[in-house]
Amino acid sequence: MKNKKLIIAGLLSAAVVVCLCIFAVIMLNKSGISKTPPSSTDYSDAKISIVSPSGAPALSLVTAINDPNTNFEYEIVDGADVLGAEFMAGEKDLIIAPINVGVNMISNGAEYELLAVVSWGNLYIVGDRNSYNGQIAAFSQAAVPGKVLEYVKDEMTEEVTIDYYSSVAEVAPLLSQGAYGAAMLAEPIKTKIMNANEQLTVLYDLQELYTQKTGLERYPQAAIFVSKDAINNKTEAVLNLTGIIQNGITTMNADPSSLRSIDADIASLGFDDIDLVVDAYNRMALDLVYGTDCVDEVKTFLALFDVEYTDTMYVK
């Protein structure tokens, strides 16, 4: 009889433990995902894959690339068109993309959510006042650059004619060669082109025109989107990586010259001159802000272009 009572007591204790475990799992799932990276630096359990367009968004990865504790593979691509296929394939854990491209892909069924905005407005109309006649060479008509230009062009003091090309790399030579009197450029190509020709000046800062028209301080340009599979099954690895990216951006924002000490392949990110990157860095507008902390900025910006942004599209 005594043994039977011990067995029953043991079974009851086990049942209580199981119930507590189930309760803990339920409460963990309800609590959402913390934006604070775990303190552990052991990331070996899960490799993270990421794809990014070249240029300023890719520069956000430089510290993570240089960190020996990270376990991730990255791919740098030119232009936004390739990224649409990446969203639909669903194979990458993280995709850095123009914000409207990512949200549109989510609307069309891509299994991703916005994790954080990583770069903000970085667009300028550069030209020679002596030869500028209102004709502008621009790029990425269907992505954020083209949409911003179309939205703010009525704030310019003259009527403009805009010819669109696929990328800023295609537009820059047209300005340098004198085919156009003005072109829309982003950093650091803007600084490179202006350093090579002292006749060129900033005709319009598109960020200032956006603020002038909307009253908003800035607009989101590119964001990190995370696959639902990765955020559910590689949570710690994802947050550790984005935490390193965020800390790296903070360090570079405070001291752009710190880029000189980073042992990373700058050329693979779309840059060929570290001095140019350091010179232009503060105008690249890198700042990692998690999606829960910039809902209004993202929603307001996308609404300007008839893109709906709902609370199911970002990580809570």
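Residues numbered from 1 in each chain as written. Predicted model: local features only at pLDDT ≥ 70, side-chain atom pairs only at ≥ 80, totals over all residues. Heavy atoms only, no water.

Participant: Would you mind showing me how to read the confidence of the model for the protein here?
Facilitator: Should pLDDT be low for a region, the predicted coordinates there are not to be read in detail. In this model, the protein carries an average pLDDT of 85, and 84% of its residues clear a pLDDT of 70 or more. Scored below 50 in pLDDT, residues 1-44 makes 25 contacts in the model with residues more than four places away or belonging to other chains. (pLDDT = per-residue confidence, 0-100. Contact = heavy atoms within 4.5 Å.)

Participant: Sorry, what's going on with the nonpolar core here?
Facilitator: Proteins that are soluble and globular tend to have nonpolar side chains buried together. Membership of the largest hydrophobic core comes to 66 residues, with the highest contact counts inside it found for Ile99, Ile125, Met156, Leu185, Leu206, Phe225 and Phe301. Among residues more than four places away in sequence, those in contact with Ile125 are Ile136, Leu149, Met156, Ala182, Ala183, Met184, Thr201, Val202, Leu203, Tyr204 and Leu206. (Core = buried A, V, L, I, M, F, W, Y, C linked by side-chain atoms within 4.5 Å. Buried < 20%, exposed > 50% of the residue type's maximum accessible area, 1.4 Å probe, protein only.)

Participant: Help me out: how do you make sense of the packing of aromatic side chains in this one?
Facilitator: In the structure shown here, the tally under the stated rule is 11 aromatic pairs. Ring geometry for Tyr165 and Tyr180: centres 6.2 Å apart, planes at 85 degrees, overall edge-to-face. One end of the pair, Tyr165, is in strand S7 (residues 161-165); the other, Tyr180, is in the loop between helix H7 (168-176) and strand S8 (182-185), with 15 residues separating them in the sequence. Taking the relative accessible area as the measure of exposure, Tyr165 reaches 25% and is therefore partly exposed. In this structure an aromatic cluster arises from ring pairing among Tyr151, Tyr210, Tyr219, Phe301 and Phe305. Sitting over the face of the ring of Tyr151, Lys213 holds its NZ or CZ atom 4.0 Å from the ring centroid. (Phe/Tyr/Trp six-rings, centres within 6.5 Å; stacked < 30°, edge-to-face > 60°. Helix = DSSP H or I, 4+ residues; strand = E, 2+ residues; numbered from the N terminus. Lys NZ or Arg CZ within 6 Å of the ring centre and 35° of its normal.)

Participant: Help me understand the sheet that holds strand S10 (residues 220-227) in this model?
Facilitator: Strand-to-strand pairing in sheets goes through backbone hydrogen bonds, with the strands running parallel or antiparallel. Spatially, 6 strands are ordered S2-S1-S3-S10-S4-S11 in an open sheet, and the strand pairing comes out mixed. The open sheet terminates on both sides in strands that have one partner only, identified here as strand S2 (72-77) and strand S11 (286-290). Here the average twist between neighbouring strands, direction ignored, is 25 degrees. Bridge analysis of strand S4 (residues 112-120) against S10 gives 7 bridges, and the strand direction is antiparallel. Each bridged residue has a counterpart across the sheet, and for Glu113 the counterpart in S10 is Val226. (Pairing = 2+ DSSP bridges. Axes fitted to C-alpha atoms, helices over the stretch in contact; angles between N-to-C directions.)

Participant: What should I look at first to understand the pattern of salt bridges in this one?
Facilitator: Where charged atoms from two side chains of opposite charge approach closely, those side chains can pair. Applying the stated criterion across every chain, the model contains 12 salt bridges. In this structure, Glu187 engages Arg283 in a salt bridge whose closest nitrogen and oxygen atoms are separated by 2.8 Å. Linking Glu187 in the loop between S8 and helix H8 (189-196) with Arg283 in the loop between helix H12 (274-280) and S11, this pair joins segments that are 96 residues apart in sequence. Residue Glu187 is classed as buried on the basis of its relative accessible area, which comes to 4%. A residue is classified by how much of its surface remains accessible, and Arg283, at 31% relative accessible area, is partly exposed. Note that Asp272 and Lys192 form a salt bridge whose closest N and O atoms lie 3.4 Å from each other. (Salt bridge = Lys/Arg side-chain N within 4 Å of Asp/Glu carboxyl O.)

Participant: What's the story with the sheet that holds strand S5 (residues 124-127) in this structure? I'm lost.
Facilitator: The 5 strands lie next to each other as S7-S6-S8-S5-S9, forming an open sheet whose pairing is mixed. This sheet does not close on itself; its edge strands, each paired only once, are S7 and strand S9 (201-205). Taken pair by pair, the neighbouring strands of this sheet meet at an average axis angle of 30 degrees, ignoring direction. Pairing geometry for S5 and S8, over 4 bridges, is antiparallel. Paired with Ile125 across the two strands is Met184, which belongs to S8. Contacts from helix H6 (residues 144-152) reach S5, strand S6 (135-139), S7 and S8 within the one sheet, and its direction differs from that of S7 by about 175 degrees.

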